[in-house]
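Spelled out, the chains give:
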Amino acid sequence: MKKAAAVKLLIASGLILSFSGVADAAGSTDSVKSKIAMCQGCHGIEGYRTAYPFVYHVPKLGGQHLPYLVKALKDYRSGERNHPTMVGIAGTLSDEDIDALAAYYAGN
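Residues numbered from 1 in each chain as written. Predicted model: local features only at pLDDT ≥ 70, side-chain atom pairs only at ≥ 80, totals over all residues. Heavy atoms only, no water.

Chemist: What am I meant to see in the overall build of the chain here?
Modeler: Across its full length, the chain holds five helices and two strands. Mapped in sequence order, the helices and strands of the chain form the string α-α-β-β-α-α-α. Split into buried and exposed, the 108 residues of the chain put 33% on the buried side. Considering only contacts within the chain whose residues lie at least 6 apart along the sequence, 52% involve residues at least 24 apart. When the accessible area of the chain is evaluated, it comes to approximately 6500 Å², of which 59% is carbon and sulfur surface. (Helix = DSSP H or I, 4+ residues; strand = E, 2+ residues; numbered from the N terminus. Buried < 20%, exposed > 50% of the residue type's maximum accessible area, 1.4 Å probe, protein only. Contact = heavy atoms within 4.5 Å. Areas by Shrake-Rupley, 256 points an atom, 1.4 Å probe, with all protein chains shown as cover.)

Here it is, written out as structure tokens:
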């Protein structure tokens, strides 16, 4: 599967989850809820490993330190970190989105 197709599939999966009510971020806007749902597609599955572009253990996000999460997302967005799926997703996030996602996961 090509990188662009994989990113589109991941985004579509996240949107499906957001419409199904799987993601529930109390007090968050609908926009942030849909972005949380994008994360849950991989990070919400206990012990999940990706197979694209290589076998990779997907880390748990809940309870991570807020500054770490912000830096990681900004590094993916800038290309400093290079996992293709995360680069694609982080590239769609504003600074406000990153702050809201980091705050959500740091609190869980």
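Chemist: Is there a simple way to explain the nonpolar core in this structure?
Modeler: Nonpolar side chains in soluble globular proteins tend to end up buried together. Residues Leu73, Leu101 and Tyr105 are the most contacted members of the largest nonpolar core, which totals 15 residues. Those elements giving two or more residues to this core turn out to be α2 (30–43), α3 (66–78), α4 (84–90) and α5 (95–106). (Core = buried A, V, L, I, M, F, W, Y, C linked by side-chain atoms within 4.5 Å.)

Chemist: Would you take a moment to explain the layout of surface pockets for this structure?
Modeler: Empty pockets left among the atoms are what a rolling probe the size of a water molecule brings to light. For the second largest pocket, the calculated volume is near 210 Å³. Elements with a contribution of two residues or more to the lining of the second largest pocket: α2 and α5. Here the element with the most residues in the lining of the second largest pocket is α2; it accounts for three residues. Of the residues belonging to the lining of the second largest pocket, the class tally is seven nonpolar, seven polar and two charged. (1 Å grid on protein atoms, 1.4 Å probe; cavity = no way out; pocket = protein on both sides within 12 Å on 5 of 7 lines; lining within 4 Å. Points joined across faces, edges and corners; volume = space filled by probe spheres on them. Nonpolar A, V, L, I, M, F, W, Y, C, P; charged D, E, K, R; others polar.)

Chemist: Can you walk me through the packing of α3 against α5 in this structure?
Modeler: It is at 8 Å that the axes of α3 and α5 come closest, and there the two elements cross at 140°. The angle between the axes of α3 and α5 places the two elements in the oblique class. Read as a crossing pair, α3 and α5 show a hand that is right-handed. Counted together, Leu66, Leu69, Val70, Leu73, Lys74 and Arg77 of α3 and Asp95, Ile98, Asp99, Leu101, Ala102, Ala103, Tyr105 and Ala106 of α5 form the full contact between these two elements. Among the residues making up the contact of α3 with α5, the classes are represented as 10 nonpolar, no polar and four charged. (Axes fitted to C-alpha atoms, helices over the stretch in contact; angles between N-to-C directions. Parallel < 35°, antiparallel > 145°, perpendicular 65-115°, else oblique. Left-handed = near helix turned anticlockwise from the far one by under 90°.)

Chemist: Help me understand the state of the cysteines, please; the structure alone is not making it clear to me.
Modeler: In a disulfide, the sulfur atoms of two cysteines are covalently bonded to one another. This structure, assessed with the given rule, holds zero disulfides. Free of any disulfide, Cys42 has its nearest cysteine sulfur in Cys39, 9.2 Å distant. Here Cys42 falls in the buried class, since its relative accessible area comes to 14%. (Disulfide = S-S within 2.5 Å.)

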